[in-house]
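Working through the structure, step by step
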Amino acid sequence: MRTMSNFQRFANWVSKTVTGTLLNSGRMSKGPVPFVNIGKRTKDLLYKDYNFDQKFSLSTSGSSGLNLTATGVKINEDFIGDIRTQHKSGRTTVDVIIDSDSKVSTTVTVDEALTGLKTSFSFKVPDHKSGKLDLQYTHNRFALNSTIGLTSAPLVELAATVGTSKLSLGAEVGFDSTSASVTKYNSGIGYNTSDFSASLLLADKGETLKASYIHLFNPTNGATVAAEVTHKLKTKENYFTIGSSHALDSSTLLKTRFSNTGKVGFLCQHEWRPKSLVTLSAEYDPKVVRSPSRFGVAISVKP
(Lines give C-alpha, C1' and ligand atoms only; values in the text may rest on other atoms or scores of the structure.)
Protein backbone atom coordinates (compact mmCIF):
# COMPACT_ATOMS: atom_id res chain seq x y z
CA MET A 1 0.00 0.00 0.00
CA ARG A 2 2.84 2.38 0.78
CA THR A 3 4.45 1.79 -2.65
CA MET A 4 1.15 2.55 -4.38
CA SER A 5 0.78 5.75 -2.34
CA ASN A 6 4.22 6.98 -3.39
CA PHE A 7 3.48 6.20 -7.02
CA GLN A 8 0.20 8.12 -6.88
CA ARG A 9 1.92 11.12 -5.32
CA PHE A 10 4.56 11.04 -8.05
CA ALA A 11 1.95 10.79 -10.81
CA ASN A 12 -0.06 13.68 -9.36
CA TRP A 13 3.04 15.88 -9.18
CA VAL A 14 4.03 15.13 -12.78
CA SER A 15 0.50 16.03 -13.93
CA LYS A 16 1.05 19.57 -12.58
CA THR A 17 4.20 20.15 -14.65
CA VAL A 18 4.29 21.27 -18.27
CA THR A 19 4.66 17.74 -19.45
CA GLY A 20 1.78 16.65 -17.28
CA THR A 21 -0.35 19.30 -18.95
CA LEU A 22 0.53 17.72 -22.26
CA LEU A 23 -0.66 14.39 -20.97
CA ASN A 24 -4.10 15.78 -20.15
CA SER A 25 -4.45 17.93 -23.30
CA GLY A 26 -7.22 15.76 -24.69
CA ARG A 27 -9.40 16.59 -21.67
CA MET A 28 -8.56 20.28 -21.38
CA SER A 29 -10.98 21.60 -23.98
CA LYS A 30 -13.71 20.31 -26.25
CA GLY A 31 -12.97 22.91 -28.92
CA PRO A 32 -9.93 24.50 -30.58
CA VAL A 33 -7.40 26.31 -28.41
CA PRO A 34 -7.28 30.12 -28.49
CA PHE A 35 -4.82 31.51 -31.04
CA VAL A 36 -2.40 32.67 -28.35
CA ASN A 37 -2.09 29.06 -27.13
CA ILE A 38 -0.96 27.61 -30.47
CA GLY A 39 2.59 26.40 -29.79
CA LYS A 40 2.32 27.36 -26.11
CA ARG A 41 3.38 23.97 -24.73
CA THR A 42 6.68 24.13 -26.58
CA LYS A 43 7.30 27.70 -25.37
CA ASP A 44 6.55 26.69 -21.79
CA LEU A 45 9.06 23.85 -21.84
CA LEU A 46 11.79 25.95 -23.50
CA TYR A 47 11.36 29.24 -21.62
CA LYS A 48 8.94 29.08 -18.69
CA ASP A 49 10.42 29.42 -15.15
CA TYR A 50 13.91 30.30 -16.43
CA ASN A 51 15.04 33.22 -14.28
CA PHE A 52 18.50 34.79 -14.05
CA ASP A 53 17.89 37.17 -11.17
CA GLN A 54 17.10 36.67 -7.48
CA LYS A 55 13.35 36.33 -6.96
CA PHE A 56 11.24 35.62 -3.88
CA SER A 57 7.47 35.31 -3.57
CA LEU A 58 5.17 34.58 -0.65
CA SER A 59 1.53 33.62 -1.16
CA THR A 60 -1.29 33.18 1.32
CA SER A 61 -4.96 32.34 0.83
CA GLY A 62 -8.05 32.54 2.98
CA SER A 63 -11.33 30.67 3.15
CA SER A 64 -13.19 33.82 2.07
CA GLY A 65 -11.64 33.65 -1.41
CA LEU A 66 -8.99 36.33 -0.79
CA ASN A 67 -5.45 35.51 -1.97
CA LEU A 68 -2.36 37.64 -1.31
CA THR A 69 1.01 37.37 -3.05
CA ALA A 70 4.11 39.49 -2.37
CA THR A 71 6.97 39.30 -4.90
CA GLY A 72 10.45 40.81 -4.85
CA VAL A 73 13.11 40.65 -7.56
CA LYS A 74 16.72 41.80 -7.31
CA ILE A 75 18.13 42.77 -10.73
CA ASN A 76 21.81 43.67 -10.48
CA GLU A 77 21.80 46.34 -7.73
CA ASP A 78 18.14 47.27 -8.11
CA PHE A 79 15.26 45.78 -6.17
CA ILE A 80 11.70 45.84 -7.48
CA GLY A 81 8.58 44.24 -6.12
CA ASP A 82 4.82 44.17 -6.06
CA ILE A 83 1.90 43.06 -3.94
CA ARG A 84 -1.03 41.29 -5.56
CA THR A 85 -4.42 40.65 -4.05
CA GLN A 86 -7.00 38.43 -5.68
CA HIS A 87 -10.57 37.98 -4.53
CA LYS A 88 -12.99 35.45 -6.00
CA SER A 89 -16.71 35.63 -5.46
CA GLY A 90 -18.88 33.37 -7.56
CA ARG A 91 -18.01 33.97 -11.21
CA THR A 92 -16.21 37.26 -10.53
CA THR A 93 -12.49 37.64 -9.83
CA VAL A 94 -10.83 40.94 -8.88
CA ASP A 95 -7.03 41.28 -9.17
CA VAL A 96 -5.20 44.32 -7.78
CA ILE A 97 -1.41 44.75 -8.17
CA ILE A 98 0.59 47.52 -6.48
CA ASP A 99 4.21 47.75 -7.65
CA SER A 100 7.26 49.44 -6.14
CA ASP A 101 6.62 52.57 -8.25
CA SER A 102 3.20 52.98 -6.56
CA LYS A 103 1.35 52.11 -9.76
CA VAL A 104 -1.90 50.22 -9.30
CA SER A 105 -3.19 47.70 -11.85
CA THR A 106 -6.72 46.36 -11.53
CA THR A 107 -8.42 43.57 -13.48
CA VAL A 108 -12.03 42.48 -13.06
CA THR A 109 -12.91 39.15 -14.70
CA VAL A 110 -16.37 37.66 -15.07
CA ASP A 111 -16.38 34.01 -16.13
CA GLU A 112 -19.40 32.56 -17.92
CA ALA A 113 -21.36 35.82 -17.95
CA LEU A 114 -23.00 34.07 -20.89
CA THR A 115 -22.38 30.45 -21.83
CA GLY A 116 -18.82 30.21 -23.14
CA LEU A 117 -18.05 33.93 -22.61
CA LYS A 118 -15.29 35.29 -20.37
CA THR A 119 -15.01 39.06 -19.89
CA SER A 120 -12.14 41.07 -18.38
CA PHE A 121 -11.87 44.79 -17.71
CA SER A 122 -8.49 46.22 -16.70
CA PHE A 123 -6.91 49.61 -16.05
CA LYS A 124 -3.83 51.17 -14.43
CA VAL A 125 -3.57 54.16 -12.13
CA PRO A 126 -2.41 56.86 -12.83
CA ASP A 127 -2.35 55.96 -16.57
CA HIS A 128 -5.82 57.05 -17.70
CA LYS A 129 -5.25 55.65 -21.21
CA SER A 130 -4.56 52.09 -20.03
CA GLY A 131 -8.14 50.86 -19.78
CA LYS A 132 -9.06 47.91 -21.99
CA LEU A 133 -11.77 45.33 -22.39
CA ASP A 134 -10.98 41.67 -23.16
CA LEU A 135 -13.58 39.23 -24.43
CA GLN A 136 -13.02 35.49 -24.86
CA TYR A 137 -15.66 33.21 -26.31
CA THR A 138 -15.21 29.45 -26.71
CA HIS A 139 -17.34 26.97 -28.63
CA ASN A 140 -17.01 23.36 -29.69
CA ARG A 141 -15.83 24.45 -33.13
CA PHE A 142 -14.29 27.92 -32.70
CA ALA A 143 -12.72 30.35 -30.24
CA LEU A 144 -12.75 34.14 -30.39
CA ASN A 145 -10.61 36.63 -28.48
CA SER A 146 -10.77 40.40 -28.71
CA THR A 147 -9.05 43.30 -26.93
CA ILE A 148 -10.38 46.84 -27.19
CA GLY A 149 -8.62 49.88 -25.73
CA LEU A 150 -11.02 52.14 -23.84
CA THR A 151 -9.89 55.44 -25.34
CA SER A 152 -11.25 57.82 -27.94
CA ALA A 153 -8.86 56.28 -30.51
CA PRO A 154 -8.49 52.69 -29.33
CA LEU A 155 -6.17 49.88 -30.29
CA VAL A 156 -8.22 46.87 -31.34
CA GLU A 157 -6.99 43.27 -31.53
CA LEU A 158 -8.98 40.28 -32.73
CA ALA A 159 -7.97 36.60 -32.81
CA ALA A 160 -9.95 33.57 -33.91
CA THR A 161 -9.41 29.83 -34.29
CA VAL A 162 -11.58 27.12 -35.79
CA GLY A 163 -11.31 23.34 -35.60
CA THR A 164 -11.44 20.69 -32.91
CA SER A 165 -9.61 19.88 -29.68
CA LYS A 166 -6.89 18.27 -31.81
CA LEU A 167 -6.64 20.55 -34.84
CA SER A 168 -6.74 24.36 -34.61
CA LEU A 169 -6.44 26.85 -37.48
CA GLY A 170 -6.44 30.55 -36.69
CA ALA A 171 -5.25 34.11 -37.20
CA GLU A 172 -4.97 37.41 -35.31
CA VAL A 173 -4.93 41.04 -36.39
CA GLY A 174 -4.30 44.35 -34.62
CA PHE A 175 -5.59 47.76 -35.72
CA ASP A 176 -4.60 51.26 -34.56
CA SER A 177 -7.55 53.59 -35.07
CA THR A 178 -5.37 56.67 -34.52
CA SER A 179 -3.17 56.05 -37.56
CA ALA A 180 -5.69 53.80 -39.34
CA SER A 181 -2.97 51.19 -39.71
CA VAL A 182 -2.65 47.48 -39.11
CA THR A 183 -0.23 46.90 -36.21
CA LYS A 184 0.08 43.14 -36.57
CA TYR A 185 -1.27 40.13 -38.40
CA ASN A 186 -0.30 36.54 -37.74
CA SER A 187 -1.71 33.15 -38.67
CA GLY A 188 -1.04 29.58 -37.61
CA ILE A 189 -2.10 25.98 -37.29
CA GLY A 190 -1.68 23.63 -34.35
CA TYR A 191 -2.18 19.90 -33.81
CA ASN A 192 -2.46 18.26 -30.38
CA THR A 193 -2.71 14.69 -29.15
CA SER A 194 -2.19 13.10 -25.74
CA ASP A 195 1.56 12.66 -26.28
CA PHE A 196 2.68 15.34 -28.74
CA SER A 197 1.88 18.78 -30.06
CA ALA A 198 3.03 20.54 -33.26
CA SER A 199 2.43 24.02 -34.64
CA LEU A 200 3.33 26.26 -37.57
CA LEU A 201 3.05 30.06 -37.29
CA LEU A 202 3.46 32.86 -39.82
CA ALA A 203 4.28 35.88 -37.66
CA ASP A 204 5.67 39.44 -37.78
CA LYS A 205 3.34 40.49 -40.61
CA GLY A 206 4.41 37.55 -42.74
CA GLU A 207 8.16 38.01 -42.24
CA THR A 208 8.80 35.10 -39.84
CA LEU A 209 7.95 31.42 -40.13
CA LYS A 210 8.08 29.51 -36.86
CA ALA A 211 7.60 25.76 -36.34
CA SER A 212 7.48 24.01 -32.96
CA TYR A 213 7.14 20.44 -31.73
CA ILE A 214 6.91 18.77 -28.32
CA HIS A 215 6.77 15.04 -27.61
CA LEU A 216 6.09 13.17 -24.38
CA PHE A 217 8.10 9.93 -24.39
CA ASN A 218 7.65 8.57 -20.89
CA PRO A 219 4.42 9.28 -18.97
CA THR A 220 5.92 7.79 -15.80
CA ASN A 221 8.59 10.45 -15.28
CA GLY A 222 7.30 13.02 -17.78
CA ALA A 223 10.37 12.73 -20.07
CA THR A 224 9.69 15.22 -22.87
CA VAL A 225 11.65 16.84 -25.70
CA ALA A 226 10.75 20.00 -27.62
CA ALA A 227 12.11 21.99 -30.54
CA GLU A 228 11.43 25.41 -32.03
CA VAL A 229 12.71 26.50 -35.45
CA THR A 230 12.50 30.09 -36.72
CA HIS A 231 13.10 31.20 -40.32
CA LYS A 232 13.32 34.87 -41.34
CA LEU A 233 11.84 35.06 -44.83
CA LYS A 234 13.55 38.34 -45.84
CA THR A 235 17.05 37.71 -44.50
CA LYS A 236 16.95 33.91 -44.91
CA GLU A 237 18.29 33.53 -41.35
CA ASN A 238 17.52 30.38 -39.38
CA TYR A 239 17.42 29.84 -35.63
CA PHE A 240 16.55 26.83 -33.53
CA THR A 241 16.20 25.91 -29.87
CA ILE A 242 15.82 22.39 -28.51
CA GLY A 243 15.05 21.36 -24.95
CA SER A 244 14.09 18.55 -22.63
CA SER A 245 12.24 18.06 -19.37
CA HIS A 246 11.84 15.16 -16.97
CA ALA A 247 11.14 14.50 -13.30
CA LEU A 248 14.05 13.14 -11.28
CA ASP A 249 11.71 12.11 -8.47
CA SER A 250 8.34 13.04 -7.01
CA SER A 251 9.49 16.57 -6.12
CA THR A 252 12.31 17.52 -8.53
CA LEU A 253 12.04 18.65 -12.15
CA LEU A 254 15.01 19.04 -14.50
CA LYS A 255 14.95 21.06 -17.73
CA THR A 256 17.65 21.77 -20.33
CA ARG A 257 17.80 23.78 -23.56
CA PHE A 258 20.30 24.48 -26.34
CA SER A 259 20.22 26.95 -29.23
CA ASN A 260 22.13 27.17 -32.51
CA THR A 261 23.89 30.31 -31.22
CA GLY A 262 25.64 28.15 -28.63
CA LYS A 263 23.55 29.17 -25.61
CA VAL A 264 23.05 26.37 -23.10
CA GLY A 265 20.39 26.60 -20.40
CA PHE A 266 19.72 24.49 -17.32
CA LEU A 267 16.90 24.54 -14.76
CA CYS A 268 16.26 22.52 -11.64
CA GLN A 269 13.00 22.99 -9.73
CA HIS A 270 12.44 21.34 -6.36
CA GLU A 271 9.19 21.23 -4.37
CA TRP A 272 10.66 21.31 -0.86
CA ARG A 273 7.21 21.43 0.72
CA PRO A 274 3.69 21.18 -0.78
CA LYS A 275 3.18 24.07 -3.26
CA SER A 276 6.49 25.69 -2.26
CA LEU A 277 9.24 25.69 -4.88
CA VAL A 278 12.88 26.62 -5.23
CA THR A 279 14.10 27.02 -8.82
CA LEU A 280 17.74 27.28 -9.90
CA SER A 281 18.53 28.50 -13.43
CA ALA A 282 21.81 28.81 -15.30
CA GLU A 283 22.79 29.81 -18.83
CA TYR A 284 26.07 29.91 -20.72
CA ASP A 285 26.46 32.18 -23.77
CA PRO A 286 29.82 31.75 -25.59
CA LYS A 287 29.30 35.01 -27.51
CA VAL A 288 29.48 37.11 -24.32
CA VAL A 289 33.14 37.67 -23.52
CA ARG A 290 33.01 39.53 -20.21
CA SER A 291 30.40 37.42 -18.38
CA PRO A 292 29.25 34.44 -20.44
CA SER A 293 27.48 32.69 -17.53
CA ARG A 294 24.26 33.75 -15.80
CA PHE A 295 22.71 32.27 -12.67
CA GLY A 296 19.42 32.86 -10.91
CA VAL A 297 17.33 31.57 -8.06
CA ALA A 298 13.59 31.86 -7.44
CA ILE A 299 11.88 30.86 -4.21
CA SER A 300 8.11 30.55 -3.98
CA VAL A 301 6.55 29.95 -0.58
CA LYS A 302 2.90 28.99 -0.07
CA PRO A 303 2.17 28.19 3.63
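Residues numbered from 1 in each chain as written. Predicted model: local features only at pLDDT ≥ 70, side-chain atom pairs only at ≥ 80, totals over all residues. Heavy atoms only, no water.

Further remarks concern the pattern of salt bridges. Side chains that carry opposite charge are capable of pairing whenever their charged atoms lie near each other. Inspection of the entire model under this criterion finds nine salt bridges. For the salt bridge of K40 with D44, the shortest nitrogen-to-oxygen distance reads 2.8 Å. In this pair, K40 and D44 are both assigned in helix α4 (residues 40-47), four residues apart and thus about one turn of the helix distant. The class of D44 is buried, set by a relative accessible area of 16%. Each of E157, E172 and K184 takes part in a single network of salt bridges with overlapping partners. (Salt bridge = Lys/Arg side-chain N within 4 Å of Asp/Glu carboxyl O. Helix = DSSP H or I, 4+ residues; strand = E, 2+ residues; numbered from the N terminus. Buried < 20%, exposed > 50% of the residue type's maximum accessible area, 1.4 Å probe, protein only.)

Moving on, we come to the environment of L117. Inspection of the secondary structure puts L117 in strand β6 (residues 117-125). Between the C-alpha atoms of L117 and L135, which are 18 residues apart in sequence, the distance is 7.2 Å. Each residue touching L117, except ones within four places of it in the same chain, is listed here: V110, D111, E112, Q136 and Y137. (Contact = heavy atoms within 4.5 Å.)

With that out of the way, let us pick up the pairing of strand β10 (residues 167-176). Of the two faces of β10, the one lined by S168, G170, E172, G174 and D176 is fully buried and the one lined by L167, L169, A171, V173 and F175 carries no buried residue. The pairing of strand β9 (residues 155-163) with β10 spans nine bridges and is classified as antiparallel. When the bridges of β10 are listed, A159 appears paired with E172. Across ten bridges, β10 lies against strand β11 (residues 181-192) in antiparallel orientation. The residue bridging S168 from the neighbouring strand is G190, located in β11. The hairpin formed by β10 and β11 contains four residues between the paired strands, and A180 there has a positive phi angle of roughly 55 degrees. (Pairing = 2+ DSSP bridges.)

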